[in-house]
Amino acid sequence: MATNPPSNGHGSVQHPQEKANSQIHDIMMHDASNGAIVHSFDPDASPQQKAATAGKQCDQLKSIIAQQDGGAQGEKELSNDAICGGTVPTITVEDADRAPKEEQEKAGSATPSTVPGEYPSGIAPAIPDWYKVGWRAVANIDAPPLEEGEEKDKHILQLFLSEQYYGQWYHNAAIIFFAVFASHFLTRFNFGWGWLIVLLSICNTYYVTSMTRIRRCARDDIQRELVKTRLASEHESAEWMNNFLDRFWLIYEPVLSATVVASVDQILSTTTPAFLDSLRLTTFTLGTKAPHIDKVRTFPRTPDDIVMMDWGISFTPNDISDLTPRQAAQKVNPKIVLSVRVGKGLATASIPILLENISFSGLMRIRLKLMSNFPHVQIVDMSFLEKPVIDYVLKPVGGESLGFDIAHIPGLQTFIRDMVHATLGPMMYDPNVFTLNLEQLLSGAPLDAAIGVVQVTIEAARGLKASKIGGGSPDPYVSVSINNREELARTKHKPSTYNPTWMETKFILVNSLQESLVLSLLDYNEHRKDTPLGAATFELQKLLEDATQEGLEIPVLKDGKDKGIVRFNINYFPVLKSASVDGKEILPQTNVGIVRLTIHQAKELDASKSLSGDLNPLVKVFLGNSTSYTHKSQIIKHTNNPIWESPTEFICADKASSVITIKVIDERDFLRDPVVGYMSIRLVDLLQTDPTLDREWWPLNGCKSGKIRLSSEWKPLHMAGALSGADQYVPPIGIVRLWLQKATDVKNVEAALGGKSDPYVRVLVNNITLGRTEVINNNLNPEWDQIIYIPVHSLRESMFMEVMDYQHLTKDRTLGSVELHVSDLARESPPDPQYRYESTGAKEVAEPIKIEGQSYKGHLHYRAEFVPALNLKHVHFDAGENEIQIAAHKTQRIHDNGSSSSSLSEVEEERHVTVNRPMTEAGTHGQPHPTDSSGSVQANGAGDAKPDDEAPSPTEKDAAKEGIELSKEELFKHQSGIIIFNVIGGHLQKKARLDVLLDDAYWPAFSTMKSRGTHAQWLHVGEGFLKELDFGRVWLRLNESGDLDKDDVIAEWKGDAKDFLNATLDRRSSFTLTNEDGHSSTVEIEARYVPVPVKLLPRESINNQGMLQVDLLTANDLRAADRTGKSDPFAVFSLSGAKVFTSQTKRKTLNPDWSETFEVNVPSREAANFSVEVFDWNQLEQSKSLGRGTINLRDIEPFTASEQMIELSSEKHGAKGQVAIRLLFRPEIIVKSRKATSTFSSAGRAMTHIGSLPFGAGKGVVRGIGSVFKKDFGGSHEKLDPFHAAPEAAAGQASHPIGEQIAGDDTSHATPTAFPSLSRTPSASGPPSEPGTLRVTIMSAKDVSMAETKPYAVIRVGDKEFKTKHGNKTSAPEWNESFNFAASAHMPKLHLWIYDHKTLGKDKLLAQGEVDIWRHIQVGRSTAAEVTVELQGGGQARIRLEFDADNNPLAPDASFASIDRSQLQTSPSRFSIRGRRPGSNEDS
């Protein structure tokens, strides 16, 4: 602050001034003590003197914050230059949202104080999935539809209330009820009149408010409907918009004019003809009057995401009727002057061409397609509903003053107008539309970038109605275009025929499927213009539904009249999108695709062949040895350093062998154009240049100097065999046996919600999941103990074992990964004809799990071991040509056969690769690419190079030449090995992918891509490891889901692996996949088999798992638990802690005779804990244990029935009693089903066959398979069909018949029942048409609730419903209650609900399920069955069904029995809420 020194004069004011100075001095000292720098100087001093005074105290400036903290840390002295040189900023933009480091260090971990409403300093946290944001989430628009039962519960009032009772009826009834009840209450308790007045005021307020709302809503609804009618039928004015445009145009027009001049001037300079010196836009303005919107019409009845309007627009700058005299005087008309300079050098003259007085008007339809992402407008379609009116004044000679308007020349203006309409008509005259894809524009992708290839096979035309001028038959050909724009392809003409046949295939690059493909038929004329015969139009949008459409016949129309039909096939091959891996976008590696080549510029071109020293360079692009160019750039005049920026796209059928030749040519008008320089390069070398690095220049050959800059982009096509074709397949060198044991201390991603991660491990090779473990719920130290076999093909491969957290609704989250290299487990073996590689030993480690960057969390415990495969010859498939090559060769054959009118074939020239790597900035060749090879490579594809990470080693390349040969019989002697599948294609019911699974069908060995149509062409090679050939299974599933992690199986085939290989090992075979509805699809496959000698652990063998049949015979000498000296015993069998069977209760006996049979799946005999416990049943209290015994399953001989006497004992009473059982074990593959909750079956849960069939193994079972799958391997194309495949039981249901005993005492030779042992199909006669008595015994349930409840069950068949009693709190209720129902074919399902009994509140639904009765009860074969049903909501229930067809409960007399059976099933009472259960309609 500044102060004035005291003055010695003016004594009368000396005392007040001294007092003021004293106060100022105190203020200065106080500020100085607080750290402020105080300056005092003479007010009469000059500015320079004041600055010098302030500069002397610059060293006093220090950090105020540091002084406040009382320490020297963080102090920073400012230089004098910073002070004296100008103003020192104290607040910067960077520091505005960031606290100083000293404050942050001082605050430590304390939460910083923030101002409410300020911007977050870091990245905003992601919105949790369970938040409801936006109207779509709140309204549940995108939620999946409710199940049938939930939908009925939601709308249960609709069953009892008519339509007229909806709306305000409930509110009106409520207020009346409230008024009556409240007045009664006030009167009953002697309240005064004042309270009644309060009540009346409340009711009056509600009435007034509700009536106001009703009237307002009614008025708005009426007005809205009237506006809709007016919008659709009348045009509106847009004066508010015109008023805005009038003001905005004056500001925007100069910017628009400058942009147009800058763009057009550049184009004119590059396209100037040789006889002109230059073309320039010297004047350009659109005037001061803005375009106007005359009228607007809106169409309200369109889909929610479509906005469609008709705009009447006009641009009439000469119309001054709506302008004021002042505006008219200042008006500027549109004027465009093109200066054409003629001559050379100094002898040049400029000729102005004037275009002025431009006017335009028309009616345009605009259609907007909205979307949820930015910019929220996806597509804008524009078209003129009628030809616009265009007027102008064009003065080509004489300029503005002496120019002559060419419109005065008769016929010329009309000719120009017709040419303009002819050009704009195919582009944007109705019905054609001009499409502007804003989403693509803002994405940065080029507008002309191709999104795919359309293959059109033009077969023939029939019944053409045309004739030549002067008589004769037409010579028709087909011209292919998009929306009648430029011609993209044409067929050869057929002479003198009305029914031509072409059979030609054309490939069209498309950048949008919102347009139409036009096949125009024309009559070829040799000396005059071809005559149009008509056109056929195909909407490309249809290819989104089915990308392969064959046998199309579309009428040929001309002026709306039928002129015949054209027959063609059309396929669409879209561009494959890149996949995001570790934050990087990686394109799929394919050999067929689209190449986008951009020729940017050239430098230092050799001008020695030009007399003037200047070139007019252009570029031509040639493919292979072809002499016809595929692309030609524009000509750049008078320069040796041209800049073209010319892009082109073309289809590449074989990337590995493609060679591109680029020639730089000097354009000379009437002389032969010489080649300035050229270069030939392999496409793989060109594609490996990194466009993100420095610009790469390529040297030109055949010249003294010159270089050219190029860039290229590869777009892989979704074509059969593109990703995993036979030509890309490398035989396996062995397998890696991964024993995933456990993980410890994994990352917890659910800590915020109070939970734990649900981890599982997936094994990825080349970003493809080849195996995964089961999910361990809510555990940070999971133990999987699972073994996975992964085929490997090279020592350079690596496997990622990624630990994932399962998410039920969203995508699974990663918890980290561990990488394992094959080179750590294997090495090349010494010369050995059988094995090329050998194991370096097992690797058992606890490796840290890498989560992000260099951070780790947790450890993964696993054991890995490499097992080599036999080195076989001919482990490959014949790699056929892709669809592009087939079409090209077919066209060539037709051409060679002379079907063309011209017999000249295309001349080829031999070319050699001249360069394989770019130059450096210094002009020398850069470092070689990984694919560089010495020597020149011919352009016809003699050099087939792959990237180094893809190219096999020399030993791998020679794998097909060296090795041993084994016959089919010798191959089948090896039990374990790798099956290699070549999935050719098939005819499908729906578009789907094919999943190939082996053995337990837990996770696909591989999956193809989803087919583009119902006529699938995959050409996909995949593989999977088979542990035991004799007992293995092959599963083929058609999966409609496009997500590899989701299942939507629509058809399935399953069969024995050995028979499958026998049918496909040396030929292709067809397999029929069926579904429950009886629809079938066929798939064609061939296979190879590579043995791998793996020694399986006992726990992995098929003999360790299978179906155990248990006959509960009798018990004797049980302990007496009742006062009468007897017991009411029943037996409970448990496997690994899970109850699998509960017998019937025998009353008042110590020696019960049960004679019951059940079957249970045993995932592992080695790890099984199988036991039986006998209980005493009590009516009121919980059952008491009479003893428990353990059953040993390890020593059971398969396929041999053995009786055992199990000793019972208890801790309290010791050993007492015995149970006699008979065991029969049949080895089978236990099929694991992946549930929707991702909690899969495991050894702790024995019923792993729920939802799918177990498959047998061993001699007896193999014989049984023949009765299930009727096979015929006689032809070269066999069909392996299941027996008349009746639909299997619905997922989640399994049963076995009751009462089938093994006859005879000689049980050592007991034969198991024919496979499959579970009754799955109805008898030939079907369900009974006559009603019978169905006795349903609800036995028990388990896992219906995590906590203990008081459960009871409700069972319903038809219209009859029963309810069990509820017992004490338990998580595994046992009821053992029976009920009788009337059942027939009209009542196919049994519905089951399990509720938790609530004494005061509403009972809670715990789970529900349904049983297909006639899939388990088969009249004439099995009249009793025990069913285990998987429940929705979790858990399982056990039900016993017994059907008596002779007892008709609905027929007390014969007259009733004669009633039509269709009327037997009555609907529930409309007044009974309990009568309508979820799923009741399914009975009908």
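Structure: see above.
For every chain, the first residue of the written sequence is number 1, and numbering continues from 1 onward in sequence order. Thresholds applied to this predicted model are a pLDDT of at least 70 for local features of residues and 80 or more for the giving and counting of side-chain atom pairs; totals over whole chains, interfaces and linings are not thresholded and use all residues. For the side-chain quantities, the full set of heavy atoms in the structure was used; hydrogens and water were omitted.

### What to know about the pattern of salt bridges
Turning to step 1, where the next piece is worked out: One side-chain nitrogen of Lys or Arg within 4 Å of one carboxyl oxygen of Asp or Glu is enough to make a salt bridge. For the structure on display, the rule yields 41 salt bridges.
Turning to step 2, where the next piece is worked out: Arg-668 is the partner of Asp-666 in a salt bridge, and the nearest nitrogen-oxygen pair spans 3.2 Å.
Turning to step 3, where the next piece is worked out: Overall, the relative accessible area of 4% leaves Asp-666 in the buried class.
Turning to step 4, where the next piece is worked out: Given a relative accessible area of 25%, Arg-668 falls into the partly exposed group.
Turning to step 5, where the next piece is worked out: As a salt-bridge pair, Arg-813 and Asp-805 come within 3.2 Å of each other at their nearest N and O atoms.
Turning to step 6, where the next piece is worked out: For Arg-813, a relative accessible area of 32% puts it in the partly exposed group.
Turning to step 7, where the next piece is worked out: Within the structure, one salt-bridge network assembled from shared partners comprises Glu-1156, Glu-1426, Arg-1438 and Arg-1440. Relative accessible area decides the class of each residue, using a 1.4 Å probe on protein chains only: under 20% of the type maximum gives buried, over 50% gives exposed, and in between gives partly exposed.

### Overview of the nonpolar core
Turning to step 1, where the next piece is worked out: In terms of nonpolar packing, the biggest core is built from 51 residues, with Phe-981, Leu-994, Leu-1036, Leu-1038, Leu-1073 and Ile-1085 touching the most fellow members.
Turning to step 2, where the next piece is worked out: For Leu-1036, the contacting residues outside a window of four places in its chain are Leu-994, Asp-995, Val-996, Ala-1051, Glu-1052, Trp-1053, Phe-1071, Leu-1073 and Ile-1085.
Turning to step 3, where the next piece is worked out: Core analysis: the second largest hydrophobic core is formed by 33 residues, Val-765, Val-803, Met-804 and Tyr-837 among them. By nonpolar core is meant a set of buried Ala, Val, Leu, Ile, Met, Phe, Trp, Tyr and Cys residues that side-chain atoms within 4.5 Å join together. Whether two residues are in contact is decided by their heavy atoms: any pair within 4.5 Å suffices.

### What to know about the side chain of Ser-1081
Turning to step 1, where the next piece is worked out: When you line up the elements, Ser-1081 lands in strand 44 (residues 1080-1091).
Turning to step 2, where the next piece is worked out: Of the residues examined, Ser-1081 reaches a relative accessible area of 1% and is grouped as buried.
Turning to step 3, where the next piece is worked out: Distance and chemistry together define a polar contact, namely a pair of N or O atoms within 3.5 Å, with one atom able to donate a hydrogen and the other to accept it when in protein, and with adjacent residues in sequence counting only for side-chain atoms on both sides. A polar contact is formed between the side chain of Ser-1081 and the backbone nitrogen of Gln-989, at a distance of 2.9 Å.
Turning to step 4, where the next piece is worked out: In this structure Ser-1081 touches His-987, Leu-988, Gln-989, Leu-1038, Phe-1071, Thr-1072 and Leu-1073, once residues within four positions along its chain are discounted. Numbering of helices and strands runs from the N terminus, with a helix taken as a DSSP run of H or I at least four residues long and a strand as a DSSP run of E at least two residues long.

### Topic: the sheet that holds strand 59 (residues 1360-1363)
Turning to step 1, where the next piece is worked out: One requirement defines pairing of two strands: DSSP has to find at least two bridges between them. Across the sheet, four strands lie side by side as 59-58-61-62; this open sheet has antiparallel pairing. Where the open sheet ends on each side, the last strands, each with one partner, are strand 59 and strand 62 (1404-1412). When strand polarity is set aside, the average angle formed by the axes of neighbouring strands in this sheet is 15°.
Turning to step 2, where the next piece is worked out: Here four bridges tie strand 58 (residues 1351-1357) to strand 59, and the two strands are oriented antiparallel to one another. Here, axes are lines fitted to C-alpha atoms. For helices the fit covers the stretch in contact, and angles between N-to-C directions go from 0 to 180 degrees.

### Here's the deal with the sheet that holds strand 20 (residues 617-623)
Turning to step 1, where the next piece is worked out: Spatial strand order, 21-20-23-24: four strands in an open sheet with antiparallel pairing. What marks the edges here is a single partner per strand, and that holds for strand 21 (631-632) and strand 24 (675-682).
Turning to step 2, where the next piece is worked out: Where strand 20 lies against strand 23 (residues 659-666), seven bridges are found, and the strand directions are antiparallel. If you follow Leu-623 over to strand 23, its bridge partner there is Ile-660.

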